[in-house]
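Structural overview for review
Below are the chains, spelled out letter by letter.
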Amino acid sequence: VSEPEGRGEHSMSARVRTKYTYEPGLTLSRFLRALGERRVEGGRCPGCAKVYVPPRVRCPACGAGPMTPVPVGDRGTIVSYTVVHVPVAGSPTKPPFAWAWIRLDGADVTFPHLLGGVPVEDIVVGQKVRAVWAPDDQLAPSWESILHFVPVPP
Amino acid sequence: VAQKFEDDVVIAGIGQSAVGRRLGRAPLALTLDAITAAVADAGLSLDDIGGLASYPGGGTSVGPGFAGPSLADVYDALGLDVDFMMGSFEGPAQLGPVISGSLAISAGLTRHVVVFRTVTEGSARHAARGRQGGAGGESRETGRRAGGVEGPAVLSYALLARRHFHEYGTSRDQLAQIALTARKHAGLNPHAVFREPLTLDDYLSARMIADPLCLYDCDVHCDGSTAVVLSHAGYAADAPGPVVRLEAVGAAPPPRSQHPQHADLLPGRRAARQMWGRTDLRPGDVDVAGLYDGFSILTMFWLEALGFCGVGESGAFVAGGDRISLGGQLPVNTNGGQLSGGRLHGLGFLHEMCLQLRGQAGPRQAESARVAVVAVGALPYVGCLLLRADQ
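Keep in mind it's a predicted model, so treat the numbers as computed, not measured.

Another point: the overall build of chain A. Helices and strands together make up the secondary structure of chain A, namely one helix and eight strands. Written out in order from the N terminus, the α and β elements of chain A read α-β-β-β-β-β-β-β-β. Taking 15 Å as the expected radius of gyration for a compact globule of 154 residues, we find that chain A reaches 20 Å, considerably beyond that expectation. Oriented by its inertia axes, the alpha-carbon framework of chain A measures out at about 65 × 40 × 35 Å. In chain A, buried positions account for 43% of the 154 residues. Relative to all contacts within chain A whose residues are 6 or more apart in sequence, the contacts with residues 24 or more apart total 49%. For chain A, the computed accessible surface area is about 8,500 Å², with 52% contributed by carbon and sulfur atoms. Each charge class in chain A was averaged separately, 17 positive and 14 negative side chains, and the resulting centres sit 7 Å apart.

Right, here's the structure in full:
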């Protein structure tokens with residue numbers, strides 16, 4: 001606790017740890033379990049037929065739902081990317097690292113993930129990429145079952 | 001629009017606390033300084049104040065020092081008896097309380113509403129350094145692990161900036177002009193956090209944060225509080241100084257809320273369309289602008305959304321910097337913005353535009369400033385205001 005001189009005002013810094021349980025719900029749970037089996041499962045909107053990865057309970061664009069599970073491949077396209085030079089809180093990835101919006105083939109929306117296996121100066125928007133999956137003993141119902149995406153020849 | 005609530009409201013007073021990188025003062029104390037100054041500026045006493053509004057309101061936890069005091073703490077501390085109050089994170093960003101407060105006045109709930117925005121991110125983030133660190137400050141681990149689609153803010157805006165570069169050929173030399181112009185203007189503002197000159201070479205050789213965004217593309221955390229007094233237009237004749245007229249508001253949110261699932265380079269376009277639909281004034285009538293620059297690329301998005309240039313043309317619009325500098329066609333962020341002036345978070349732009357329209361901006365006064373626009377926020381919370389000088 002510190003008291004800035006002459007002000008009579010106090011401030012305090014404290015470390016707080018919180019244990020929590022995250023319950024992703026049925027739609028996202030199904031998606032995450034599929035990732036743990038090296039599968040990407042999107043959701044097709046029954047109204048506008050757009051395919052979301054990850055799937056949503058209802059379509060954010062037209063409101064229809066529930067979405068129909070639909071298998072999506074693990075290849076796609078870089079929609080945008082950035083090379084991150086600062087540590088990101090909560091992420092074990094050491095900078096610099098490349099982070100991209102990826103639209104999987106057959107999906108209509110993007111999600112962010114890591115890029116690897118390419119010098120950062122060679123990354124371009126529009127590049128084709130594929131997922132590199134974690135080894136068997138590291139697979140889990142988590143995004144981290146995909147280690148990163150790497151470029152594939154056109 | 002034949003009759004609009006905006007005509008019932010004026011900004012009768014403005015006030016600001018000390019502003020600095022790290023003041024080491026309590027959020028409530030800064031807030032009381034700003035409010036006291038604004039109420040005095042309006043020629044009112046605290047007994048006249050019937051409404052209190054703020055962003056984000058109490059109980060909001062976005063990051064260290066982000067939320068100011070709760071409204072309840074403020075009206076307790078000032079002994080206010082208010083007939084209206086609101087503090088909300090979800091709405092037209094930091095202009096939400098201005099718009100809601102104006103609606104309350106027009107609806108007859110009260111005659112004078114104090115709006116404030118207080119930040120102590122400078123002090124709080126410094127105190128948290130080494131424990132939290134990293135982009136964004138707060139952990140997003142839960143979202144990332146569990147399939148959420150958000151990263152720390154700078155990552156998302158870097159991806160949007162890259163997309164703009166890719167689609168429209170925008171360059172770093174062009175984007176740099178947002179930061180360089182802000183710094184040039186900050187040199188004329190004694191309250192700005194960073195005032196020493198900044199060159200294009202400095203910019204291009206600066207530490208990259210998330211490319212194409214470098215250090216100078218990210219606003220600077222600070223401590224400070226800004227307040228304005230909204231009054232019924234009937235008070236204008238009694239106000240001691242020039243008031244600022246509310247011409248039109250834009251409160252409509254973006255069409256979709258999430259960056260990666262619907263990459264949207266113009267989150268403010270619906271708010272802008274709404275605002276222009278409520279006035280006969282056009283973008284060409286605007287003399288000076290305060291455009292949100294939490295990240296420099298957002299100012300570019302607002303230039304396009306508000307129609308100051310075509311979609312994708314903001315790079316060419318700002319190229320060289322002259323057009324958006326004092327003396328140019330549309331001086332932008334004349335106080336140094338948040339990039340150099342300090343991240344007063346939204347209301348800092350409103351304070352500055354009021355100074356401009358009152359002809360009180362001193363060495364950074366824009367020539368014959370009669371109409372100003374303030375636009376704040378980014379996905380998914382945006383808002384804008386069109387303001388007029390009195391008479």
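Here the narrative resumes, following the displayed structure.
Our focus in this paragraph is the pairing of strand E11 (residues 381-389) of chain B. Residue and element names in this part refer to chain B. Of all nine residues making up E11, eight are buried, and the element is well covered by its neighbours. Pairing of strand E8 (residues 244-250) with E11, which is carried by six bridges, proceeds in the antiparallel orientation. Looking across to E11, one finds that valine 244 is bridged to alanine 389. For strand E10 (residues 371-378) and E11, the ladder comprises eight bridges, and the chain directions are antiparallel. What sits directly across from valine 374, in E11, is leucine 385. What sits between E10 and E11 in their antiparallel hairpin is a turn of two residues.

Turning our attention to the sheet that holds strand E2 (residues 51-52) of chain A. All names here are of chain A. A sheet is described by the order of its strands in space; here three strands give the open sequence E2-E1-E3, paired in antiparallel fashion. A strand with exactly one partner marks an edge of an open sheet, and here the two such strands are E2 and strand E3 (68-72). The strands that helix H1 (residues 25-35) touches are strand E1 (40-44) and E3; relative to E1, the one it contacts most, it runs at about 150°.

Moving on to the packing of helix H1 (residues 27-41) of chain B against helix H2 (residues 71-78) of chain B. Helix-helix packing: each pair is described by the crossing angle between the helix axes and the interaxial distance. Residues and elements named next belong to chain B. At a minimum axis distance of 11 Å, the contact between H1 and H2 shows a crossing angle of 60°. If you check the angle between H1 and H2, you find them oblique. Pair H1 / H2 crosses with right-handed handedness. Contacts from Leu28, Thr31, Leu32 and Ile35 of H1 reach H2 at Asp73, Val74, Ala77 and Leu78. Grouping the amino acids of the contact of H1 with H2 by side-chain chemistry returns six nonpolar, one polar and one charged.

Moving on: the nonpolar core. By size, the foremost hydrophobic cluster in this structure holds 105 residues, and its most contacted members are Leu306, Leu350 and Leu387 of chain B. Ranked by residues supplied to this core, first place goes to helix H6 (residues 153-168) of chain B with eight residues. Aside from chain neighbours lying at most four places away, what touches leucine 387 of chain B is Ile11, Val244, Arg245, Leu246, Glu247, Leu350, Met353, Leu357, Arg370, Val371, Ala372 and Val374 of chain B. Grouped together as the second largest cluster of nonpolar side chains are 26 residues, Leu35, Val70, Ile123 and Ile146 of chain A included.

Moving on to unusual backbone geometry. Residue proline 54 of chain A is reached from valine 53 of chain A by a cis peptide bond, and omega for that bond is -5°. The residue proline 54 of chain A is located in the loop between E2 and E3 in this model. Aspartate 211 of chain B connects to proline 212 of chain B through a cis peptide bond whose omega is 10°. Mapped onto the fold, proline 212 of chain B is located in the loop between strand E5 (208-210) and strand E6 (213-214). Despite not being glycine, arginine 38 of chain A shows a phi value in the positive range, around 60°. Looking at the element boundaries, arginine 38 of chain A is found in the loop between H1 and E1. For arginine 38 of chain A, a relative accessible area of 35% puts it in the partly exposed group. You will see that serine 368 of chain B, though not glycine, has its phi angle at about 30°, which is positive.

Residues and elements named next belong to chain B. Strand order in the open sheet formed by nine strands is E3-E2-E4-E7-E1-E8-E11-E10-E9, with mixed pairing between adjacent strands. Looking at strand neighbours, the two that pair on one side only are strand E3 (84-87) and strand E9 (288-291), the edges of this open sheet. Direction aside, the axes of adjacent strands within the sheet are offset by 25° on average. Pairing geometry for strand E1 (residues 9-16) and E8, over two bridges, is antiparallel. Pairing of isoleucine 11 across the sheet is with valine 244, part of E8.

The rules behind these values
Residues numbered from 1 in each chain as written. Chains lettered and ligands numbered in written order. Predicted model: local features only at pLDDT ≥ 70, side-chain atom pairs only at ≥ 80, totals over all residues. Heavy atoms only, no water. Helix = DSSP H or I, 4+ residues; strand = E, 2+ residues; numbered from the N terminus. Rg over C-alpha atoms; globule rule 2.2 N^0.38 Å. Buried < 20%, exposed > 50% of the residue type's maximum accessible area, 1.4 Å probe, protein only. Contact = heavy atoms within 4.5 Å. Areas by Shrake-Rupley, 256 points an atom, 1.4 Å probe, with all protein chains shown as cover. Lys, Arg positive; Asp, Glu negative; His and termini not counted. Charge placed at Lys NZ, Arg CZ, Asp CG, Glu CD. Pairing = 2+ DSSP bridges. Axes fitted to C-alpha atoms, helices over the stretch in contact; angles between N-to-C directions. Parallel < 35°, antiparallel > 145°, perpendicular 65-115°, else oblique. Left-handed = near helix turned anticlockwise from the far one by under 90°. Nonpolar A, V, L, I, M, F, W, Y, C, P; charged D, E, K, R; others polar. Core = buried A, V, L, I, M, F, W, Y, C linked by side-chain atoms within 4.5 Å.

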